[in-house]
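Fold and geometry: a report
Below, each chain spelled out in residue letters.
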Amino acid sequence: EAGVVQSPRYKIIEKKQPVAFWCNPISGHNTLYWYRQNLGQGPELLIRYENEEAVDDSQLPKDRFSAERLKGVDSTLKIQPAELGDSAVYLCASSSSGTGYEQYFGPGTRLTVT
Amino acid sequence: GQNIDQPTEMTATEGAIVQINCTYQTSGFNGLFWYQQHAGEAPTFLSYNVLDGLEEKGRFSSFLSRSKGYSYLLLKELQMKDSASYLCAVPPPGNTPLVFGKGTRLSVIA
């Protein structure tokens with residue numbers, strides 16, 4: 001069974017440019033998470049989906065970040081425009097619905113904004 | 001809210017035993033997770049404790065004391081490949097996602 005797939009693995013862009021990340025969760029997992037992880041820190045949640053509904057996006061900087069999961073499967077996270085401080089690893093994870101379930105993480109996208 | 005505290009760095013010798021502690025404060029308890037994260041890689045699940053006591057899984061064991069808001073991860077017979085960050089995480093009460101600690105970076109030396 002395939003794990004969580006993310007692309008691209010690495011992205012280097014100049015500030016003020018847009019960027020998008022894609023995630024395909026494990027088949028059958030209704031819950032999808034986007035995290036941001038800065039160097040030496042734990043992952044911080046940006047947004048959580050239950051199927052196609054965003055149920056927790058309180059940490060998402062909505063002025064420049066957006067996300068969608070139109071059919072309740074794949075998801076895209078976008079930053080427009082990117083800022084220097086957005087440089088981080090963006091992790092996608094999926095799990096069965098609810099809490100107490102193991103989250104499976106994708107390999108992440110390492111974003112560098114110059 | 002959630003507050004999770006774990007040491008920033010630890011160093012241990014190959015073949016030895018190391019204990020990584022995690023203390024947490026939460027308004028409700030819904031279990032505690034430990035994840036392992038190698039540099040440049042995604043976190044991978046190690047353990048989930050919801051009841052007090054020690055759960056053993058091969059060389060790794062995880063302990064939980066709910067009354068003390070305390071957990072530890074015990075790694076035995078350390079190998080060089082165990083050099084990684086170990087993240088403690090708790091889900092807040094209700095249908096809300098994990099809150100991760102900053103992680104403990106373990107270095108295993110020969």
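Heads up: the structure comes first, above all this text.
Residues numbered from 1 in each chain as written. Chains lettered and ligands numbered in written order. Predicted model: local features only at pLDDT ≥ 70, side-chain atom pairs only at ≥ 80, totals over all residues. Heavy atoms only, no water.

**Observations concerning the overall build of chain B**
- Looking only at helices and strands, chain B features zero helices and eleven strands.
- Along chain B, helices (α) and strands (β) appear in the sequence β-β-β-β-β-β-β-β-β-β-β when read from the amino end.
- Since a compact globule built from 110 residues should have a radius of gyration of about 13 Å, the 13 Å found for chain B is in line with a globular shape.
- Projected onto the principal axes, the alpha-carbon positions of chain B cover approximately 45 × 30 × 20 Å.
- Among the 110 residues that make up chain B, the fraction classed as buried is 45%.
- Considering only contacts in chain B between residues 6 or more positions apart, those separated by 24 or more positions represent 54%.
- Side chains of chain B carry 8 positive and 9 negative charges; the gap between the two charge centres is 3 Å. (Helix = DSSP H or I, 4+ residues; strand = E, 2+ residues; numbered from the N terminus. Rg over C-alpha atoms; globule rule 2.2 N^0.38 Å. Buried < 20%, exposed > 50% of the residue type's maximum accessible area, 1.4 Å probe, protein only. Contact = heavy atoms within 4.5 Å. Lys, Arg positive; Asp, Glu negative; His and termini not counted. Charge placed at Lys NZ, Arg CZ, Asp CG, Glu CD.)

**Observations concerning the sheet that holds strand β1 (residues 5-7) of chain A**
Residue and element names in this part refer to chain A.
- Taken in spatial order, the four strands of this open sheet run β1-β3-β8-β7, and their pairing is antiparallel. Sheet topology places β1 and β7 (65-68) at the edges, where each strand pairs with a single neighbour. With strand direction ignored, the average angle separating the axes of adjacent strands in the sheet is 15°.
- Relative to strand β3 (residues 19-24), β1 is paired through three bridges, and the arrangement is antiparallel. Residue V5 lies in a different strand from β3, and its bridge partner there is N24. (Pairing = 2+ DSSP bridges. Axes fitted to C-alpha atoms, helices over the stretch in contact; angles between N-to-C directions.)

**Observations regarding unusual backbone geometry**
Residues and elements named next belong to chain A.
- A cis amide bond links S7 to the next residue, P8, at an omega of -5°.
- With respect to the helices, strands and loops of the structure, P8 is situated in the loop between β1 and β2 (10-13).
- Omega for the bond connecting Q80 with P81 falls within 30 degrees of zero, at -5°, which places this linkage in the cis form.
- With respect to the helices and strands, the residue P81 is situated in the loop between β8 (75-79) and β9 (88-95).
- Despite not being glycine, K16 shows a phi value in the positive range, around 80°.
- Following the sequence through the fold, K16 ends up in the loop between β2 and β3.
- Residue classification places K16 among the exposed positions, given a relative accessible area of 65%.
- Backbone geometry at N51 places phi at a positive 55°, although glycine is not the residue there.

**Brief notes about the interface of chain B and chain A**
- With 19 residues of chain B at the contact, the number on the chain A side is 23 residues.
- Together chain B and chain A conceal approximately 1600 Å² of surface at their shared face, both sides included; 54% is due to carbon and sulfur atoms.
- For the interface between chain B and chain A, the tally reads zero salt bridges.
- Inspection of the chain B/chain A interface yields two residue pairs in polar contact (both at pLDDT 80 or more).
- Elements with a minimum of two residues in the side of chain B that touches chain A: β4 (32-37) and β5 (44-49) of chain B.
- Its residues assigned to classes, the side of chain B that touches chain A comprises eleven nonpolar, seven polar and one charged. (Buried area = accessible area lost by both parts, 1.4 Å probe. Salt bridge = Lys/Arg side-chain N within 4 Å of Asp/Glu carboxyl O. Polar contact = N/O pair within 3.5 Å; in protein donor to acceptor, adjacent residues only side chain to side chain. Nonpolar A, V, L, I, M, F, W, Y, C, P; charged D, E, K, R; others polar.)

**Notes on the side chain of R59 of chain B**
Residue and element names in this part refer to chain B.
- Summarising the element assignment, R59 is placed in the loop between β6 (53-57) and β7 (60-65).
- In terms of polar contacts, R59 uses its side chain to reach the backbone carbonyl oxygen of E77, at 3.2 Å.
- In this structure R59 touches L74, L75, K76, E77, L78, Q79, K81 and D82, once residues within four positions along its chain are discounted.

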